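Coordinate analysis (summary)
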Amino acid sequence: MSNSHLDKSFVEIFGETPDVIAGAPGRVNLIGEHIDYSDGFVLPFAIADRTYAAVRKRSDRILRIASMQRHNNVVTVNLNDVSPNLKGQWERYVLGVIWGMQIPHGIDVLIDGHVPLGAGLSSSAALECSVATALNDLFSYGFNLEQLARLTQKAENEYVGVPCGIMDQSVSLMAQRGSALLLDCRDLTTKNVEFDVASSGLELLIIDTQAHHSLTDGGYAERRASCDSVVKKLGIRSMRELTIAQLETSKELITVTEYFRAKHAVTEIARVLKAVEVIERKDFAELGQLLNASHASLRDDYDVSCPELNVAVDASISAGALGARMVGGGFGGSAIALIKASHSHETIKKIETSFTQNSFKAPRFFTSLPSQGAEIIQRGL
Ligand code: GLA
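It should be emphasised that the depicted structure is a prediction, and the values quoted were computed from it without experimental measurement.

Applying the stated criterion across every chain yields a total of nine aromatic pairs. Relative to Tyr 141, the ring of Phe 139 lies with its centre 5.8 Å away and its plane at 40°, an arrangement referred to as tilted. Arranged with centres 5.4 Å apart and planes meeting at 35°, the rings of Tyr 141 and Phe 143 form a pair that is tilted. Here Tyr 141 falls in the partly exposed class, since its relative accessible area comes to 26%. One aromatic cluster is present, formed by Phe 45, Phe 195 and Phe 284 through successive ring pairs. Geometry around Tyr 259 places Lys 251 over its ring, the cationic atom sitting 4.7 Å from the centre. Taking NZ or CZ as reference, Arg 261 lies 6.0 Å from the ring centre of Tyr 302, over its face.

Written out as C-alpha cells, the structure reads:
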C-alpha cells in the first residue's frame, strides 16, 4: 500500500519525503451508545474512510502541521510551547497527541482526511489515531493498542477539551476487517464478531443527517455528569454494576432524570451482549429489533436524539428496514439502518422525501463494510 498523492504533496510543502505514513479509520457503532464512559460494552466497526498522517522527523524543536483539506496551509509551533492552553484550530488534535506522547524533537506533519467531518463518524479519532500510530512507529515507542487508545483519548479530553469516552479511538486502532469489535470499556479487552450482512442480502446504510453535531455543546457532558451522579448516590463503581432490579428499588435515591439515564445505560449494555449473540447466529431480524430498541432508549430515556435523527430512523423503518437507530454522541450526526440491499434505492428516496417534507437539509448516504484499524502504510527508505 502507498499514498503517492500524500507523498507528493508532502515533498511540495516540506521539501523532503515523509519518514512514515499511517492511516486510521472512522467508525460506526452498531450498538452500545453512551455507555463507553460507564464501563459498558460497545460494538462498533471501522468504516473504509480513513485519515492519513505523513510525518518526518526534524532535528530542531519546530513542529510544522498542514492538511490537504485546509489548502496545505502550514501551522508552525515550537515544541516548547505545546500546552492545552495554546489556542488553535483543527491542529489541536495533532498537537494533543504530540503533547500526550511527549515527543523528543520537532516534526513535519501532513494530514489527508477522508472521514466525513461532523457526521458522527469519528473523524477526530481517525485523525488522532493516524498521528499516534505514525509517531509510535517513528519514535519506536512500542506502545500497544490499548496504550495508544488511552493516550489518544487523553489527548482529546485534556488537550482538545472534548469529554469523549474510549470507544472511538479504540475501534479506530483495534478493528479487524470483516468484524465488529466487541469492546469491554472497563479493561479494553476485545472480541472480533464477524459481521457479514452482505451474504444475507443485507446492507448497513449510514445516513448523515447533516444536522449539527458537537460534543462540546454541553449535552454530552451533562449526560456523563448524570451517570457520575447516579454512581455516587448508589455507591457503585459504574453503571456496569447496576441491574434493573437494583435501579427500581433505588428510585428514591436519585432524581427522575437520573433514573431514566441509568435505565438507558443498564438496558443498552444488555442489548449489546444480546446483539453479539444474534449476530453470531445471523439472526438479523432480531438484530434489527435491538437497533430499534436502542434508538427508542436513546430518544426517550437518554434524550440525545433530535428531529432529524428520528425522521431518518422512522423513514427507514417505514421503507422496510429491519431496524435503525442514531449512532454516536447524538444531537445530530448519523443514523444507521439495516436494510435489504435490494431496497437501498427505495429507502434512500423515502428518507430524502421525509427530509424535504420536514424542511431539513438534504441528508448524505454512505455504506461501509467493516474495515481494518490503524496501519502503517508506508515507511521511508
Ligand atoms: C461520542 C464519543 C464516544 C461515545 C459516543 C456515544 O462518539 O466520542 O466516546 O461516548 O459519543 O456512544
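Its location among the elements puts Ser 371 in the loop between β11 (364-367) and β12 (375-379). Taking relative accessible area as the criterion, Ser 371 reaches 11% and is therefore assigned buried. Within the structure, Ser 371 has its side chain in polar contact with the backbone oxygen of Leu 369 (distance 3.1 Å). If we ignore the near neighbours within four places in the chain, the residues touching Ser 371 are Ala 46, Ile 47, Ala 48, Arg 50, Ala 175, Gln 176 and Arg 177.

A word on the domain arrangement of the chain. The assigned domain composition of the chain is domain 1 (4-192 + 371-379) and domain 2 (195-367). With centres defined by C-alpha atoms, the gap from domain 1 to domain 2 works out at 26 Å. Taken together, the contact pairs 37 residues of domain 1 with 43 residues of domain 2. Contact between domain 1 and domain 2 buries roughly 3,200 Å² in total, counting both sides, with carbon and sulfur atoms accounting for 65%. Where domain 1 meets domain 2, there are three salt bridges. Here Glu 33 ties to Arg 325 by a salt bridge, and the two come within 2.7 Å at their closest N and O atoms.

What follows covers the sheet that holds strand β10 (residues 334-340). Pairing in this open sheet of four strands is antiparallel, and the strands run β9-β10-β8-β11 from one edge to the other. In the strand order of this sheet, the two ends are held by β9 (323-326) and β11, each with one partner. Ignoring strand direction, the axes of neighbouring strands in this sheet form an average angle of 20°. With four bridges connecting them, strand β8 (residues 202-208) and β11 associate as antiparallel partners.

Between helix α4 (residues 145-160) and helix α5 (residues 167-174), whose axes approach to 9 Å, the crossing angle comes to 140°. In terms of axis orientation, α4 runs oblique to α5. Viewed along their axes, α4 and α5 form a crossing whose handedness is right-handed. Across the interface between the two elements, Leu 145, Glu 146, Leu 148, Ala 149, Thr 152, Gln 153 and Glu 156 of α4 pack against Gln 169, Ser 170, Leu 173 and Met 174 of α5.

This next bit is on the pattern of salt bridges. Applying the stated criterion to the full structure yields 25 salt bridges. Of the charged contacts in the structure, one is a salt bridge between Glu 248 and Lys 251, with a shortest N-O distance of 3.6 Å. The salt bridge involving Asp 283 is made with Arg 281; its shortest N-O contact spans 3.6 Å. For Arg 281, a relative accessible area of 48% puts it in the partly exposed group.

What counts as what
- Residues numbered from 1 in each chain as written.
- Predicted model: local features only at pLDDT ≥ 70, side-chain atom pairs only at ≥ 80, totals over all residues.
- Heavy atoms only, no water.
- Phe/Tyr/Trp six-rings, centres within 6.5 Å; stacked < 30°, edge-to-face > 60°.
- Buried < 20%, exposed > 50% of the residue type's maximum accessible area, 1.4 Å probe, protein only.
- Lys NZ or Arg CZ within 6 Å of the ring centre and 35° of its normal.
- Helix = DSSP H or I, 4+ residues; strand = E, 2+ residues; numbered from the N terminus.
- Polar contact = N/O pair within 3.5 Å; in protein donor to acceptor, adjacent residues only side chain to side chain.
- Contact = heavy atoms within 4.5 Å.
- Domains from an automatic or database assignment.
- Buried area = accessible area lost by both parts, 1.4 Å probe.
- Salt bridge = Lys/Arg side-chain N within 4 Å of Asp/Glu carboxyl O.
- Pairing = 2+ DSSP bridges.
- Axes fitted to C-alpha atoms, helices over the stretch in contact; angles between N-to-C directions.
- Parallel < 35°, antiparallel > 145°, perpendicular 65-115°, else oblique.
- Left-handed = near helix turned anticlockwise from the far one by under 90°.

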